[in-house]
Structures are given as C-alpha cells and as structure tokens.
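Per-entry structural report
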Amino acid sequence: MNSHSHPILILFFFLCSFSPFVHSADIEAGKNKAAFCLGCHGENANSKNPQYPTLAGQRALYLESQIKAFQSGTRTSPVMQGMVAKLNKQDIKNISAYLSTLPTESAGGDSTLAKSGESKIMMCTGCHGRSAQGRSGFPKLAGQHPEYLKKQLLNFKDRSRKGGPMNNISSSLSEQDIDAISHYLGSL
C-alpha cells in the first residue's frame, strides 16, 4: 500500500460509518419490540379485527413515517400515541423492518362490491402501485379490511385525517365509490 492510499482508506471507513447499511434495521430486535403491536393488529400482524389495519407486509418506510406521525401528533390516535411514545428511532426502524417481512393474509371483501370497485382504482395505482402493493412511502392497500379502508377514505374526505393528495382525491368520491373501492382492495 502506498502512502497516498492511507488517507483514502481512512476516508472510506469514515464515510461507511454513516452509511445506512451500517445502521440498518435489526429484524430480530424488531420482532421482540413488535410484540406489543400484535394485541390489536393480530397474530403475525394480520389483523382479524376490521377496526385495525394489517401491518404485515406494509412498506417499512411507510410504517416508520406513520409511527413518527403518531409520536409527533400529526396523526392522532390516543391509543397509538401512547403505544409508540417511548420508541426511539432505532426501535421504529427495527419494528418497521420486521413487520414489512411478514406475509399478508387477504381480508377479503364483498365480491359484488369488489367487482364494481375494480374500475375505480386507477387513481390509486400511481402512488400505491398497479396492484395496490404499496410503493416507497405509500402503504399497501391490497388485502386490508374493507371497513378499515372505508373509514380511512372517509376520514380523508372529511379532512379529519390529513394526507395531502388523499384529501383531494377522496373529496371527489361518493360514499358508494368508497365502499366499492374498499371492497375491491380488500379482495386483492
């Protein structure tokens, strides 16, 4: 090794210490910390209660952003705010990564409503993906409980839940459209 490569090697190791790969999530730690989530969100994070979303298979980036939103109060839920209040950044990263690795079970939906909802989801695919599997920071909608999806869309529509584009998109939907879309997405 020549004398000029030594400073480059030091710089390389210095930069690597700030790399996201060095500070990546610990799935096993996430599994242990996520145990408190399963009481509401179901065994293996596949909710059986339509009041609570399935977290299994969600995008880690989306889960991280939602946990942080509950912590900061920009997304409100007294229960969730209490549950996530003491999580640190690494806990959030670990839990989100763990939940994203779990397989999803489809919640299903009314087949008649689902059939009429299929033609109405084109506006969803740009952000949530062609088959509503989620992309980057956008949630996976496929397989979610139709009742949960409907409640969230109605919350976006009446602006009790803030969501930028979702507030505008949902405002153009009738309650029948929302019902049909929710059942279609739940059936995926």
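Look a little higher up for the structure.
What comes next is a walk through the structure. (Residues numbered from 1 in each chain as written. Predicted model: local features only at pLDDT ≥ 70, side-chain atom pairs only at ≥ 80, totals over all residues. Heavy atoms only, no water.)

Some thoughts on unusual backbone geometry
Even without being glycine, A45 reaches a positive phi, approximately 65°. Assignment of secondary structure puts A45 in the loop between α3 (38-41) and α4 (60-72). The backbone of A132 sits at a positive phi, close to 60°, despite the residue not being glycine. Mapped onto the secondary structure, A132 falls in the loop between α8 (122-128) and α9 (146-157). (Helix = DSSP H or I, 4+ residues; strand = E, 2+ residues; numbered from the N terminus.)

Here's the deal with the packing of α9 against helix α11 (residues 175-187)
When two helices pack together, their arrangement is captured by the angle between the axes and the distance separating the axes. Put simply, α9 and α11 touch, their axes get as near as 8 Å, and they point 140° apart. Here α9 lies oblique to α11, going by the angle between them. Between α9 and α11 the crossing geometry is right-handed. Listed contacts from α11 to P146, L149, K150, L153, L154 and K157 of α9 are E175, I178, D179, I181, S182, H183, L185 and G186. For the contact of α9 with α11, the class distribution of residues is seven nonpolar, three polar and four charged. (Axes fitted to C-alpha atoms, helices over the stretch in contact; angles between N-to-C directions. Parallel < 35°, antiparallel > 145°, perpendicular 65-115°, else oblique. Left-handed = near helix turned anticlockwise from the far one by under 90°. Contact = heavy atoms within 4.5 Å. Nonpolar A, V, L, I, M, F, W, Y, C, P; charged D, E, K, R; others polar.)

A closer look at helix α6 (residues 89-101)
Helix length check: α6 (13 residues) gives 19 Å between terminal C-alpha atoms against 18 Å at 1.5 Å per residue, within 8%. For α6, the complete set of buried residues consists of D91, I92, N94, I95, S96, A97, Y98 and L99. Here the buried face of α6 lies against α2 (27-33) and α4. At the N-terminal boundary of α6, the capping side chain belongs to N88, with an oxygen 3.0 Å from the backbone nitrogen of Q90. (Expected span 1.5 Å × (residues − 1). Buried < 20%, exposed > 50% of the residue type's maximum accessible area, 1.4 Å probe, protein only. Polar contact = N/O pair within 3.5 Å; in protein donor to acceptor, adjacent residues only side chain to side chain.)

Looking at the nonpolar core
A34, A45, L87, I95, L99 and L102 are the most contacted members of the largest nonpolar core, which has 15 residues in total. Secondary structure elements with two or more residues in this core: α4 and α6. Sort the elements by how many residues they give to this core and α6 lands first, with four residues. Excluding residues that lie within four positions of it along the chain, A34 makes contacts with I95, Y98 and L99. In terms of nonpolar packing, the next biggest core, distinct from the first, is built from 13 residues, L149, L173, I178 and I181 among them. (Core = buried A, V, L, I, M, F, W, Y, C linked by side-chain atoms within 4.5 Å.)

Some points on the environment of A69
Checked against the element boundaries, A69 lands in helix α4. Separated by twelve residues in sequence, A69 and Q81 have C-alpha atoms that sit 8.9 Å apart. The residues touching A69, leaving out its near neighbours within four places in the chain, are T74 and R75.

Re the pattern of salt bridges
Applying the stated rule across the entire model yields six salt bridges. Measuring nitrogen to oxygen at the nearest pair gives 3.6 Å for the salt bridge that ties D91 to K33. A residue pair is termed long-range when its members are at least 10 positions apart, and D91 in helix α6 and K33 in helix α2 qualify at 58 residues. Among the ionic pairs, K120 bridges to D177, the shortest N-O distance being 3.5 Å. Placement of K120 in the loop between α7 (111-117) and α8 and of D177 in helix α11 is noted, with a sequence separation of 57 residues between them. What makes K120 partly exposed here is its relative accessible area of 28%. Put simply, K150, E175 and D179 are held in one network by salt bridges that share partners. (Salt bridge = Lys/Arg side-chain N within 4 Å of Asp/Glu carboxyl O.)

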